[in-house]
Amino acid sequence: MLVDEVRALLQPERGGVFVDCTVGLGGHARMLLEHGASRLIGIDRDTDALALARDTLAPFGDRVALVHADYREIAAVLAAQGVGEVAGLLADLGVSSLQLDAEGRGFSFRRDEPLDMRMDRSRGETAAEWIGRVDERELADVIYRFGEERRSRQVARAIVAARQHGRIETTGRLGEIVRRAVAARTRQRIDPATRTFQALRIWVNRELDGLDSFIGSAVASLQGEGPAARTVRKGVEGRGRIAVIAFHSLEDRVVKHTFRALSKGDDAQLTVLTKHPVIASDAEAAANPRARSAKLRAAVRV
Ligand SMILES: C[S@@+](CC[C@H](N)C(=O)[O-])C[C@H]1O[C@@H](n2cnc3c(N)ncnc32)[C@H](O)[C@@H]1O
């Protein structure tokens, strides 16, 4: 997604170490390696994604290191890889098409399957476990905040009422409960369960927690004007660059504000390269509906 746009902003032709914090299926990582990145560190919290990325990136041999971690652990990952400074860093946030389409992960209300929703199945609570124990008010808050669902209270009430008759273990059952709670009163273009599923996914994966401090650590790892920048190919700007793709307004707001905060004052660390977020071309949006909500922002280390 937005591959040409990311390439133009990150300039992999400068060479040096690039980090893909959400390597996913490896599409962006391959582009970075094909266009000059000397080395690529790919991070993902989903082991299924890493297995696919390993295949996609096999032709690049030992120029690639793939790491199972949360990107919020970036400082430790880079230290363990022996990387001091980074030429470019990408975070393509959110879920991958693999996660949405794969069976048995519980992200989609379009199929009936166990209600898991964890990107990293080696840790944390599943969506089913959480909605089985949470109180109604907290549930309504999460659905309102992360799903921007105006009928969050009705949805929370319906979920709590339904679980008296047995645990809600599947996407099918949850979808039905939510649709019944909201659909009667509204005619919507999207499935009425969309917002609640989004909210639960964001909550289960703590997607917005620490996004700002992650960006701070990522920026701190970017090379400045020091020796590392001078080893980069002659005649090109060596300073490190960061690009972040967000998929919903809550995420994009954090990216925008964090970039802005880091580019202000005497100790500014960044210059923002995208006054307005870069969005998908009409052709890409037509070919891939998910691209319609993608917003790309980028900045360069000062
Ligand atoms: C939109 S996809 C990335 C797709 C990738 N750019 C590509 O070209 O295939 C997002 C990926 O980020 C991963 N992810 C989400 N949150 C993460 C986190 N906190 N730490 C590490 N990986 C994360 C997901 O597991 C998913 O594979």
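Residues numbered from 1 in each chain as written. Predicted model: local features only at pLDDT ≥ 70, side-chain atom pairs only at ≥ 80, totals over all residues. Heavy atoms only, no water.

Participant: Help me out: how do you make sense of the overall build of the protein in this one?
Facilitator: The helix and strand tally for the protein stands at 14 helices and seven strands. If one aligns the C-alpha atoms of the protein with their principal axes, the spans along those axes are about 65 × 40 × 35 Å. Here the protein, with 302 residues, has 50% of them falling under the buried criterion. Put simply, of all contacts in the protein between residues at least 6 apart along the chain, 67% involve residues at least 24 apart. Taken as a whole, the protein presents about 14,300 Å² of accessible surface, with 48% of it coming from carbon and sulfur. The centroid of the 47 positive side-chain charges in the protein is displaced by 4 Å from the centroid of its 42 negative side-chain charges. (Helix = DSSP H or I, 4+ residues; strand = E, 2+ residues; numbered from the N terminus. Buried < 20%, exposed > 50% of the residue type's maximum accessible area, 1.4 Å probe, protein only. Contact = heavy atoms within 4.5 Å. Areas by Shrake-Rupley, 256 points an atom, 1.4 Å probe, with all protein chains shown as cover. Lys, Arg positive; Asp, Glu negative; His and termini not counted. Charge placed at Lys NZ, Arg CZ, Asp CG, Glu CD.)

Participant: Would you mind going over the site of the ligand with me for this structure?
Facilitator: Around the ligand there are 23 residues in total, and His 28, Asp 44, Tyr 71, Asp 92 and Gln 99 lie nearest to it. Contact between the ligand and Gly 26: an oxygen atom at 3.4 Å from a main-chain N or O atom of the residue. One of the side-chain N or O atoms of Asp 44 is found 2.7 Å from an oxygen atom in the ligand. Taken by itself the ligand offers 610 Å² of open surface, and the protein chains cover 94% of this. Considered class by class, the residues forming the shell around the ligand number nine nonpolar, eight polar and six charged. (Near = heavy atom within 4 Å. Polar contact = N/O pair within 3.5 Å; in protein donor to acceptor, adjacent residues only side chain to side chain. Nonpolar A, V, L, I, M, F, W, Y, C, P; charged D, E, K, R; others polar.)

Participant: Help me understand helix H1 (residues 3-10), please; the structure alone is not making it clear to me.
Facilitator: Since the α-helix packs 3.6 residues into each turn, any two residues three or four apart lie on the same face. All of the buried residues in H1 are Val 6, Leu 9 and Leu 10. For H1, the arc enclosing every buried residue in end-on projection is 90°, short of the 170-degree limit, so these residues lie on one face. Projecting away from the buried face of H1 at angles above 90 degrees are the exposed residues Asp 4 and Ala 8. If you follow the buried residues of H1, they end up packed against strand E1 (17-20), helix H2 (27-34), strand E4 (88-92), strand E5 (241-246) and strand E7 (295-301). Count one or two residues on from H1 and you reach Gln 11, which has phi positive near 50°. (Arc of directions from axis to C-beta.)

Participant: Just checking my understanding: could you explain the pairing of E7 for this structure?
Facilitator: As a general feature of sheets, a regular strand has side chains that alternate between the two faces. A large share of E7 lies buried, amounting to six of its seven residues. Relative to E7, E5 is paired through six bridges, and the arrangement is antiparallel. Pairing of Ile 245 across the sheet is with Leu 296, part of E7. Here three bridges tie strand E6 (residues 270-272) to E7, and the two strands are oriented antiparallel to one another. Counted as the bridge partner of Thr 271 is Val 300 from E7. (Pairing = 2+ DSSP bridges.)

Participant: What's the story with the packing of aromatic side chains in this structure? I'm lost.
Facilitator: Each aromatic ring pair is characterised by the separation of its centres together with the angle its planes make. Tallied over the entire structure, the rule returns four aromatic pairs. Measuring from ring centre to ring centre gives 4.4 Å for Tyr 71 and Phe 214, while their planes differ by 40°; the resulting arrangement is tilted. With Tyr 71 in the loop between strand E3 (64-68) and helix H4 (74-80) and Phe 214 in helix H11 (residues 211-221), the pair connects residues that are 143 residues apart, well separated along the chain. Of the two residues, Tyr 71 and Phe 214, both sit in the buried class. With a centroid separation of 5.4 Å and an interplanar angle of 40°, the aromatic rings of Trp 130 and Trp 203 are classed as tilted. Highlighted residues: Trp 130 in helix H6 (residues 127-133) and Trp 203 in helix H10 (residues 194-204), separated in sequence by 73 residues. Across the pair, exposure class does not vary: Trp 130 and Trp 203 are buried alike. Feature note: the residues Trp 130, Phe 146 and Trp 203 constitute an aromatic cluster, connected by ring pairs. In this arrangement the basic side chain of Arg 206 is found over the ring face of Trp 203, its NZ or CZ atom lying 4.2 Å from the centre. (Phe/Tyr/Trp six-rings, centres within 6.5 Å; stacked < 30°, edge-to-face > 60°. Lys NZ or Arg CZ within 6 Å of the ring centre and 35° of its normal.)

Participant: Please explain a positive patch on the surface as it appears in this structure.
Facilitator: Residues Arg 253, Lys 256, Arg 260, Lys 264 and Lys 295 make up a contiguous surface patch of positive charge. Take the positive patch: its biggest share by element is three residues, from helix H13 (residues 249-262). Tracing the backbone through its elements, the reader meets Lys 295 in strand E7. The class for Lys 295 is partly exposed, based on a relative accessible area of 32%. (Patch = residues over 30% accessible without salt bridge, like charges linked within 9 Å, V, L, I, M, F, W, Y side chains within 5 Å. Salt bridge = Lys/Arg side-chain N within 4 Å of Asp/Glu carboxyl O.)

Participant: Explain the sheet that holds E7 here, please?
Facilitator: Working definition: the strands of a sheet are paired by backbone hydrogen bonds and lie parallel or antiparallel to each other. The sheet built from seven strands is open, its strands ordered E3-E2-E1-E4-E5-E7-E6 with mixed pairing. One side of each edge strand has no neighbouring strand; the edge strands of this open sheet are E3 and E6. Across the sheet, the mean angle from the axis of one strand to that of its neighbour is 15°, orientation sign disregarded. Judged from the four bridges that link them, E1 and strand E2 (residues 39-44) form a sheet pairing that is parallel. Looking at E2, one finds that Phe 18 is bridged to Leu 40. The strands touched by helix H3 (residues 47-57) within the sheet are E2 and E3, with E3 carrying the most contacts at an inclination of about 175°. Set on the sheet, H11 makes contact with E4, E5, E6 and E7; between it and E4 the angle comes to about 160°. (Axes fitted to C-alpha atoms, helices over the stretch in contact; angles between N-to-C directions.)

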